[in-house]
Amino acid sequence: LKSITMGSQSRFLIYAVEDDPVFAKMLHYILTLDPEHELQMFKTGSEMLDHLTFNPSLITLDYRLPDLTGGELLKRIRFAYPDVPVIVISGQEDVKTAVNLLKEGAYDYITKDEDIRERLLNSISNAKKNVMLSREVESLREELSHKYDFGKSIIGTSTAITKVFKMLEKAVKTNITLSIT
């Protein structure tokens, strides 16, 4: 999941797909309240799919669009970018549709009602926290892999030292104490 770095400030790129001009203006207002958000609006699913290569941090999409349904668009996004959180926004309160979209990988399902502002901002905040935790876990994993790269800290390429490296790699994955002489 990506944030765009501009100067010293990190930006959270959000794609919003909404064909209703009035709701699109309201969505634009809500999503740009946070100065870290960079917003790109789209009227159709196809238009948004053409821009997916710019790696959005999060996508909100209307369930009913002129060219694709929210379900079809969600499947395409999941196929290309399985880690990008997708929040589906819909005018219908059909529980079955919401459950199916969540099963297919939607991060959240929000209905267009009077509480949308608070629920959308809360959902985005939670998604950002998950993104940051995922990045931190990945960073720690990478750091650990470098920390236990014994080939860089112990010099040698002989058969004997190669066997020692392999034993060390196995020992690191366990909870045993090892003494090498």
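Above this text is the structure in question.
Residues numbered from 1 in each chain as written. Predicted model: local features only at pLDDT ≥ 70, side-chain atom pairs only at ≥ 80, totals over all residues. Heavy atoms only, no water.

A word on the nonpolar core
Turning to step 1, where the next piece is worked out: Core analysis: the largest hydrophobic core is formed by 21 residues, its most contacted members being Met48, Ile59, Leu61, Ile77 and Val88.
Turning to step 2, where the next piece is worked out: Those residues in contact with methionine 48 that sit more than four places away from it in its chain are Tyr15, Val17, Phe42, Ile59, Leu73 and Ile77.
Turning to step 3, where the next piece is worked out: Formed by 16 residues, the second largest nonpolar core is a distinct cluster that contains Leu27, Ile116, Leu120 and Ile124. (Core = buried A, V, L, I, M, F, W, Y, C linked by side-chain atoms within 4.5 Å. Buried < 20%, exposed > 50% of the residue type's maximum accessible area, 1.4 Å probe, protein only. Contact = heavy atoms within 4.5 Å.)

Digging into the packing of aromatic side chains
Turning to step 1, where the next piece is worked out: On inspection of all chains with the given rule, the structure shows 1 aromatic pair.
Turning to step 2, where the next piece is worked out: For the cation-ring pair, lysine 112 lies above phenylalanine 23, with the distance from its terminal atom to the ring centre recorded as 4.4 Å.
Turning to step 3, where the next piece is worked out: The ring of phenylalanine 12 has lysine 128 lying over it, and the distance from NZ or CZ to the ring centre is 5.3 Å. (Phe/Tyr/Trp six-rings, centres within 6.5 Å; stacked < 30°, edge-to-face > 60°. Lys NZ or Arg CZ within 6 Å of the ring centre and 35° of its normal.)

Quick notes on the environment of arginine 78
Turning to step 1, where the next piece is worked out: Note on placement: arginine 78 falls in helix α3 (residues 70-80).
Turning to step 2, where the next piece is worked out: For arginine 78, a relative accessible area of 16% gives the class buried.
Turning to step 3, where the next piece is worked out: A sequence separation of 28 residues divides arginine 78 from alanine 106, and the C-alpha atoms of the two residues are 8.8 Å apart.
Turning to step 4, where the next piece is worked out: For arginine 78, the contacting residues outside a window of four places in its chain are Asp83, Val84, Pro85, Val86, Glu104 and Gly105. (Helix = DSSP H or I, 4+ residues; strand = E, 2+ residues; numbered from the N terminus.)

Brief notes about the pattern of salt bridges
Turning to step 1, where the next piece is worked out: What the rule picks out here adds up to 5 salt bridges.
Turning to step 2, where the next piece is worked out: A salt bridge links glutamate 36 to lysine 128, with the nearest nitrogen and oxygen atoms 3.4 Å apart. Of this pair, glutamate 36 sits in the loop between α1 (21-31) and β3 (37-42) while lysine 128 sits in helix α5 (residues 116-147), and the two are 92 residues apart along the sequence.
Turning to step 3, where the next piece is worked out: For glutamate 36, a relative accessible area of 37% puts it in the partly exposed group.
Turning to step 4, where the next piece is worked out: Owing to a relative accessible area of 16%, lysine 128 belongs among the buried residues under this scheme.
Turning to step 5, where the next piece is worked out: A salt bridge links lysine 112 to aspartate 62; the nearest nitrogen and oxygen atoms lie 3.4 Å apart. With lysine 112 in the loop between β6 (108-111) and α5 and aspartate 62 in strand β4 (residues 58-62), this residue pair connects regions lying 50 residues apart in the sequence.
Turning to step 6, where the next piece is worked out: Its relative accessible area of 28% is what places lysine 112 among the partly exposed residues.
Turning to step 7, where the next piece is worked out: Among the charged side chains, a salt-bridge network with shared partners connects Glu18, Asp62 and Lys112. (Salt bridge = Lys/Arg side-chain N within 4 Å of Asp/Glu carboxyl O.)

Fair warning: the whole summary comes from geometry, so function is off the table for now.
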